[in-house]
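Listed below, chain by chain, are the residues.
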Amino acid sequence: MPVKEWDVIIVGAGLAGLALARLLRPRCRVLILERRVKPADGPRIGESLPGAASVLLQELGLLERFLSASHRVRGSALSIWDQETPIWQDALRDPSGPGWLLDRRAFDQLLYEGAIEAGVTIHTGCRQTEITRLNNGWQVHLSPEETTHKAPVLIDASGRSSAIARALGLKRLADDNLLCLYTFLKCRREDKDATLRTCADEHGWWYTVQIPQGKRVLAYHLDSTDPLWRQLRYPEHFLDYAKRLPFIADIIQEQSSEALKLHPAGTAMLDISNLSQAGKGFLAIGDALITFDPISSQGMFHALATAASAAKAIKAGFPENKKALESFQAEMLNVCQRYLKHLHITYSGPERFSHHPFWSNRCEMTPQAYR
Ligand SMILES: Cc1cc2nc3c(=O)[nH]c(=O)nc-3n(C[C@H](O)[C@H](O)[C@H](O)COP(=O)(O)OP(=O)(O)OC[C@H]3O[C@@H](n4cnc5c(N)ncnc54)[C@H](O)[C@@H]3O)c2cc1C
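Some remarks on the site of the ligand
For step 1, the next point in the chain: Near the ligand you find 31 residues, and of these E34, S48, R104, D287 and M300 are the closest.
For step 2, the next point in the chain: In the environment of the ligand, a nitrogen atom lies 3.0 Å from a nitrogen or oxygen atom belonging to the backbone of R35.
For step 3, the next point in the chain: Side-chain polar atom of D287 to an oxygen atom of the ligand: 2.7 Å apart, as the coordinates give it.
For step 4, the next point in the chain: Isolated, the ligand exposes 1000 Å² of accessible area, and the fraction of that covered by the protein chains is 90%.
For step 5, the next point in the chain: A total of three residues in the shell around the ligand trace back to one element, the largest contributor, which is helix α9 (residues 299–315).
For step 6, the next point in the chain: Across the shell around the ligand, the residue classes break down as 13 nonpolar, 11 polar and seven charged.
For step 7, the next point in the chain: Counting contributing residues per domain, the shell around the ligand is built from domain 1 (3–175 + 266–345) and domain 2 (178–264), each supplying no fewer than three.

What about the domain arrangement of the protein?
In many analyses, interface size is given as the accessible surface area lost on bringing the parts together.
For step 1, the next point in the chain: With domains assigned, the protein is organised as domain 1 (3–175 + 266–345) and domain 2 (178–264).
For step 2, the next point in the chain: Each of domain 1 and domain 2 has a C-alpha centre, and the two are 27 Å apart.
For step 3, the next point in the chain: Facing the 24 residues of domain 1 at the interface are 25 residues of domain 2.
For step 4, the next point in the chain: Summed over both partners, the interface of domain 1 with domain 2 comes to about 2100 Å²; 67% of that surface belongs to carbon and sulfur atoms.
For step 5, the next point in the chain: By the criterion of area lost to domain 2, the three top residues of domain 1 are P43, I45 and R72, representing 28% of everything that side buries.
For step 6, the next point in the chain: The interface formed by domain 1 and domain 2 contains zero salt bridges.
For step 7, the next point in the chain: Among the elements that take part in the side of domain 1 that touches domain 2, strand β6 (residues 77–80) stands out by supplying four residues, more than any other.
For step 8, the next point in the chain: Residues belonging to the side of domain 1 that touches domain 2 are distributed by class as follows: 12 nonpolar, six polar and six charged.

Topic: the packing of α9 against helix α10 (residues 322–348)
Geometry of a packed helix pair, given as the angle between the helix axes and the separation of the axes.
For step 1, the next point in the chain: Packing of α9 against α10 leaves a shortest axis separation of 9 Å and a crossing angle of 160°. Classified by the angle their axes make, α9 and α10 are roughly antiparallel. Note that α9 runs across α10; the crossing there is right-handed. On α10, the residues touching T306, S309, A310 and A313 of α9 are A324, F328, E331 and M332.
For step 2, the next point in the chain: For the contact of α9 with α10, a count of residues per class yields five nonpolar, two polar and one charged.

About the criteria used
- Every chain begins its residue count from 1, and numbering advances along the sequence as written.
- Local features in this predicted model are restricted to residues of pLDDT 70 or higher, and side-chain atom pairs are both shown and tallied only at a pLDDT of 80 or more, whereas totals for entire chains, interfaces and linings draw on every residue.
- To get the side-chain values, all heavy atoms of the structure are used, and hydrogens and water are removed first.
- We define proximity as follows: a residue is near a molecule or strand when any one of its heavy atoms falls within 4 Å of that partner.
- Polar contacts, as counted here, are pairs of nitrogen or oxygen atoms within 3.5 Å of one another; within protein the pair requires one atom able to donate a hydrogen and one able to accept it, and residues that are adjacent in sequence qualify only if both atoms are side-chain atoms.
- Per-residue accessibility takes into account occlusion by the displayed protein chains alone, with areas from the Shrake-Rupley method and a 1.4 Å probe.
- Elements are defined by DSSP. Helices are runs of H or I of four residues or more, strands are runs of E of two residues or more, and each kind is numbered from the N terminus.
- Three classes are used: nonpolar for Ala, Val, Leu, Ile, Met, Phe, Trp, Tyr, Cys and Pro, charged for Asp, Glu, Lys and Arg, and polar for all others, with Gly counted as polar.
- For the domains described, the bounds stem from an automatic or database domain assignment.
- The contact rule is simple, with two residues in contact once any of their heavy atoms fall within 4.5 Å.
- For any pair of parts, buried area is found by adding up, for both, the accessible area (1.4 Å probe) each one loses once the two are put together.
- Any Lys or Arg side-chain nitrogen found within 4 Å of a carboxyl oxygen on Asp or Glu counts as a salt bridge.
- Interaxial angles span 0 to 180 degrees and are taken between N-to-C directions of axes, which are lines fitted to C-alpha atoms, for helices over the stretch in contact.
- The scheme is simple: roughly parallel for angles under 35 degrees, roughly antiparallel for over 145, roughly perpendicular for 65 to 115, oblique for anything else.
- If you view the pair so one helix is near and one far, a crossing is left-handed when the near helix is turned anticlockwise from the far one by less than a right angle, and right-handed when it is turned clockwise.

Here it is as structure tokens:
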């Protein structure tokens with residue numbers, strides 16, 4: 001049976017995998033294996049991109065095309081969080097600018113086209129992959145295609161499931177049970193509200209914002225162990241429950257909702273210090289390495305940034321050059337510590353709810369807990 005040789009095999013064609021693949025071309029022969037046959041239809045949640053991402057898009061050579069697409073510049077944010085009084089925040093003092101509210105499918109497509117254009121090979125519909133460690137790298141066998149691929153470097157970019165890392169025996173240090181229950185509302189013509197509204201309550205927190213293409217996302221984040229989410233699975237219950245909060249009700253009056261969707265959304269992270277236990281030449285990037293809580297709006301930035309860091313390590317001679325792995329790990333541990341510090345401060349904010357399990361459990365997610 002013919003075996004195809006590559007320099008890098010990446011599992012997962014999300015933002016992280018696609019960005020890494022593009023950054024490695026033309027120097028490396030790169031294969032991406034993607035489980036999906038084609039991208040899902042309809043709007044996708046995960047729309048808020050910080051302004052700092054423009055540096056990474058520039059590095060990818062995609063900034064100009066990104067700026068000419070139909071993404072919206074982020075407006076101000078209005079939140080009821082630490083106190084019951086709404087607080088305004090804008091990006092006036094942020095040197096990177098306000099960032100964007102994305103047409104997320106168009107953004108994913110931009111990265112996909114960027115990888116294809118750079119000469120990356122993408123195999124879609126890869127449902128059964130058998131991964132074997134070799135002395136000098138990795139072998140991936142695909143069924144039912146019955147093709148075999150080999151490379152010295154294997155990357156897990158499979159998103160929050162960390163499917164490959166876990167199959168190779170790596171542990172996750174954190175796996176928070178936050179659940180996001182969300183829907184898209186069709187905006188009324190009179191809905192001119194461009195703010196991102198965030199609001200804490202006893203069971204969790206809400207946000208709503210207009211996204212491109214005349215839609216508004218309405219999302220509630222609560223514990224998957226909280227029986228409330230089962231009651232809220234029906235659009236009418238969900239909207240009624242949201243309307244208890246005047247701050248949200250003002251905006252979503254008489255808007256009609258699409259079916260409700262559910263997504264696990266809590267912090268998850270691999271044991272970064274022990275990545276090499278999976279085998280020589282293994283790295284994880286994007287959500288597969290660290291999944292950020294959506295309150296941070298950092299997931300996409302992190303996907304692109306870890307891709308850039310992994311590309312740097314590979315170009316510096318990873319896996320033969322041990323220093324390349326060490327600096328990747330040191331950088332990611334640093335990101336983790338800073339992220340956990342901010343997460344702890346954010347979830348400790350609404351003291352009025354601190355006796356509710358949703359808030360008290362998350363206050364325990366300190367950087368020290370994951371050292
Ligand atoms: C509710 C919610 C709201 C969010 N809001 C924001 C936001 O406002 N701003 C922000 O920056 N981020 C947000 N995010 C996070 C952001 O969407 C992710 O961080 C980002 O998509 C991560 O990209 P990724 O490439 O690492 O993973 P993914 O986008 O998950 O891509 C992983 C890819 O791997 C494929 N795959 C999985 N398993 C396998 C396998 N075994 N074999 C082959 N392929 C596989 C999947 O099909 C997928 O294509 C949000 C997330 C959630 C859940």
